[in-house]
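# A closer look at the structure
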Amino acid sequence: MDKNWIMQLQRQTQLTKVIETNQTTKQYGLSLTEEEAKLIVTERVNTLKVQKRVEFGEGITPKIIFEFCDSDFIDQNNYVETIIRLQEIFYLYKNEMMDEISDDELLHFMREQFETVCFGDLEYLEGACLAVFSQAVRAGYRGYQESEGRGEYAAFDEVKRWDYDLYYETLKELLWR
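None of these values were measured; they are calculated from a predicted model.

A tally of helices and strands in the chain yields nine helices and zero strands. Ordered by position from N to C terminus, the α and β elements of the chain give α-α-α-α-α-α-α-α-α. Across the 177 residues that make up the chain, the buried fraction comes to 41%. A fraction of 68% describes how many contacts in the chain between residues 6 or more apart in sequence connect residues 24 or more apart. Total accessible area on the chain stands at roughly 10,600 Å², and carbon and sulfur atoms take up 51% of it.

As structure tokens, then:
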């Protein structure tokens, strides 16, 4: 009985913290109803069970919300689903990286890739960007510590991308022959 009481109190605290994020996210056109917040908290608990993790305190969900709320790729229509999916990805890669990376470092890395490399594609974030980065972390890479997870992916990116200068030079060659 005591265990259930403690779990209920923890869920209520989580729910309150998630709903309080509305004060910040409203300026970006995002807000959660109580039912949506309950769904996010419930999915967090389910993900923690699946990933065999324990979390104390207010949890990662408010940090995820604050980190991603001003994204160009999140709107009210996909907000709840995106936050739930980001929670799943976060906990999966905390395990994959054997907790070598801090929560903030992982969140910064996730956000940067979500915006710049993935253009809002959560599957690409999970299946490519984080997969490659986690391999490097497991192999002993620690360069992310100094940068707090920012600007790290270029060193591991396996996809050759166009840069502006190369594109412009190629375009000039094609047009002014």
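This part takes up the nonpolar core. Of all hydrophobic cores here, the largest spans 41 residues; its most connected members are Met110, Leu125 and Leu130. Among the elements that line this core, the one with the most residues is helix H5 (residues 79-96), at nine residues. Those residues in contact with Leu130 that sit more than four places away from it in its chain are Ile89, Tyr93, Met97, Leu106, Phe109, Met110 and Leu125.

Even without being a glycine, Lys52 presents a positive backbone phi close to 55 degrees. Residue position: Lys52 is located in the loop between helix H3 (34-50) and helix H4 (61-68). With a relative accessible area of 77%, Lys52 lands in the exposed category. One non-glycine residue, Met98, lies in the positive phi region at around 55 degrees. Along the chain, Met98 turns up in the loop between H5 and helix H6 (103-116).

Turning our eyes to something else, we now look at the packing of aromatic side chains. As enumerated under the stated definition, the model contains eight aromatic pairs in all. Aromatic side chains Phe90 and Tyr91 sit 5.4 Å apart centroid to centroid with 80 degrees between the ring planes, which places their arrangement in the edge-to-face category. Judged by its relative accessible area of 1%, Phe90 is buried. Consider the rings of Phe133 and Tyr144, whose centres lie 5.9 Å apart with planes at 75 degrees: the pair is edge-to-face. Residue Phe133 is found in helix H7 (residues 122-138), and its partner Tyr144 is found in helix H8 (residues 144-147); the two are separated by eleven residues along the sequence. Note on accessibility: Phe133 and Tyr144 belong to one class, buried. Three or more aromatic residues link up through ring pairs in this structure, and these residues are Phe68, Phe73, Phe114 and Phe119.

Rules and cut-offs
Residues numbered from 1 in each chain as written. Predicted model: local features only at pLDDT ≥ 70, side-chain atom pairs only at ≥ 80, totals over all residues. Heavy atoms only, no water. Helix = DSSP H or I, 4+ residues; strand = E, 2+ residues; numbered from the N terminus. Buried < 20%, exposed > 50% of the residue type's maximum accessible area, 1.4 Å probe, protein only. Contact = heavy atoms within 4.5 Å. Areas by Shrake-Rupley, 256 points an atom, 1.4 Å probe, with all protein chains shown as cover. Core = buried A, V, L, I, M, F, W, Y, C linked by side-chain atoms within 4.5 Å. Phe/Tyr/Trp six-rings, centres within 6.5 Å; stacked < 30°, edge-to-face > 60°.

Bear in mind that shape data such as this cannot, by itself, settle questions of function.
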